[in-house]
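Architecture at a glance
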Amino acid sequence: MLTILEDKIDTPVGPLWILCDEQFRLRAVEWEEHSDRMEQLLNIHYGAQGFQRVSSSNPGGLSDRLRDYFAGDLAIIDTLPTATAGTEFQRQVWQALREIPCGQVMHYGQLAEQLGRAGAARAVGAANGSNPVSIVVPCHRVIGRNGTMTGYAGGVARKEWLLRHEGYLLL
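Residues numbered from 1 in each chain as written. Predicted model: local features only at pLDDT ≥ 70, side-chain atom pairs only at ≥ 80, totals over all residues. Heavy atoms only, no water.

1. Some thoughts on the overall build of the chain
Counting its regular elements, the chain contains six helices and six strands. Listing every helix and strand of the chain by position from the N terminus yields β-β-β-α-β-α-α-β-α-α-β-α. At 15 Å, the chain has a C-alpha radius of gyration in line with the 16 Å of a compact globule built from 171 residues. In terms of principal-axis extent, the alpha carbons of the chain reach across some 45 × 35 × 25 Å. Burial statistics for the chain: of 171 residues in total, 51% are counted as buried. Carbon and sulfur atoms provide 49% of the accessible area of the chain, an area that totals close to 7900 Å². Computed over 16 positive and 19 negative side-chain charges, the inter-centroid distance for the chain is 6 Å. (Helix = DSSP H or I, 4+ residues; strand = E, 2+ residues; numbered from the N terminus. Rg over C-alpha atoms; globule rule 2.2 N^0.38 Å. Buried < 20%, exposed > 50% of the residue type's maximum accessible area, 1.4 Å probe, protein only. Areas by Shrake-Rupley, 256 points an atom, 1.4 Å probe, with all protein chains shown as cover. Lys, Arg positive; Asp, Glu negative; His and termini not counted. Charge placed at Lys NZ, Arg CZ, Asp CG, Glu CD.)

Okay, structure coming up:
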């Protein structure tokens, strides 16, 4: 059975759940109002093997490190370890998301091309939408082809805030 350590922090854009395994690899990072989505993903990915959630204060220092990101240390998220389930394709998309530099964006088609799957923008969008590790696997850095703020499960206003925070959108 997988033990998932959990903490919740306050951020400038709302409370954020942080869930990791006992090796302090992030398994989920999700906004509090979307905790039902997080529960669904946890059940999909870990339900068969079984898991238990255990409250933990700042597990592995991850809560403090995410607070540092919100305080302006943007590079910190590049150092945070993750362990995600999902399909091989989803994990490829999520790894590609981590390679989008802070302060830059891509559109779904560009990400599909980067993965060698030109024309698979919708599949990339679906994988992006099922990303369990928000912010750290920066799905907010993917925008619509025409520059629109589409497809962020945390909400468009929060996506815009994150992109401003990272220097892509001007205040």
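2. What about the sheet that holds strand 1 (residues 2–9)?
Taken together, the four strands give an open sheet; going across it, the order is 3-2-1-4, and neighbouring strands pair in mixed fashion. Since the sheet does not close on itself, it has two edges, and those belong to strand 3 (26–31) and strand 4 (51–55), each with one partner. Neighbour-to-neighbour, the strand axes of the sheet open up by a mean angle of 25°, direction not taken into account. Across the sheet, helix 1 (residues 35–46) lies against strand 1, strand 2 (16–20), strand 3 and strand 4, angled at about 140° from strand 4, the strand it touches most. (Pairing = 2+ DSSP bridges. Axes fitted to C-alpha atoms, helices over the stretch in contact; angles between N-to-C directions. Contact = heavy atoms within 4.5 Å.)

3. Structural notes on the environment of D21
Mapped onto the elements of the fold, D21 is located in the loop between strand 2 and strand 3. Look at D21 and you get buried, because its relative accessible area is 0%. Linking D21 and L42, residues 21 residues apart in sequence, is a C-alpha distance of 12 Å. Among all residues touching D21, those that are not within four sequence positions of it are L2, T3, L5, R27 and A83. In this structure the side chain of D21 is engaged in a polar contact, spanning 2.9 Å, whose partner is the backbone nitrogen of Q23. Separated by 3.0 Å, the side chains of D21 and R27 make a polar contact. (Polar contact = N/O pair within 3.5 Å; in protein donor to acceptor, adjacent residues only side chain to side chain.)

4. What about the UniProt feature "domain: Methylguanine DNA methyltransferase ribonuclease-like" (unreviewed entry) in the chain?
Feature annotation in UniProt places "domain: Methylguanine DNA methyltransferase ribonuclease-like" (unreviewed entry) on residues 6–83, given in this structure's numbering. Taken end to end, residues 6–83 is 27% helix and 26% strand, and its two terminal C-alpha atoms sit 15 Å from one another. (UniProt positions renumbered as here; feature names shortened; annotations may be inferred.)

5. Focus on helix 5 (residues 121–129)
One full turn of an α-helix is made of 3.6 residues, so residues set three or four places apart face in the same direction. Where helix 5 is concerned, the buried positions are V124, A127 and N128. Buried residues of helix 5, seen end-on, are gathered within an arc of 100° and therefore sit on one face of the element. Summarising the geometry of helix 5, the exposed residues directed more than 90 degrees from the buried face are R122 and A126. (Arc of directions from axis to C-beta.)

6. Focus on the side chain of S130
Note that S130 resides in the loop between helix 5 and strand 6 (142–143). We classify S130 as buried; its relative accessible area is 15%. In contact with S130, not counting residues within four places along its chain, are R37, L41, Q90 and W94.

7. Description of the nonpolar core
Counting 38 residues, the largest nonpolar core has L26, L97 and I135 as its most contacted members. Of all the elements in the fold, those that place two or more residues in this core are strand 1, strand 2, strand 3, helix 2 (62–70), helix 3 (88–98), helix 4 (108–114) and helix 5. For this core, the leading source of residues is helix 3, giving five residues. When residues are assigned to domains, this core turns out to be shared by domain 1 (2–79) and domain 2 (88–166), each giving three or more. Among all residues touching L97, those that are not within four sequence positions of it are L111, N128, V137, P138, C139 and V142. Residues L19, A28, M38 and F51 belong to the second largest nonpolar core, which totals 10 residues. (Core = buried A, V, L, I, M, F, W, Y, C linked by side-chain atoms within 4.5 Å. Domains from an automatic or database assignment.)

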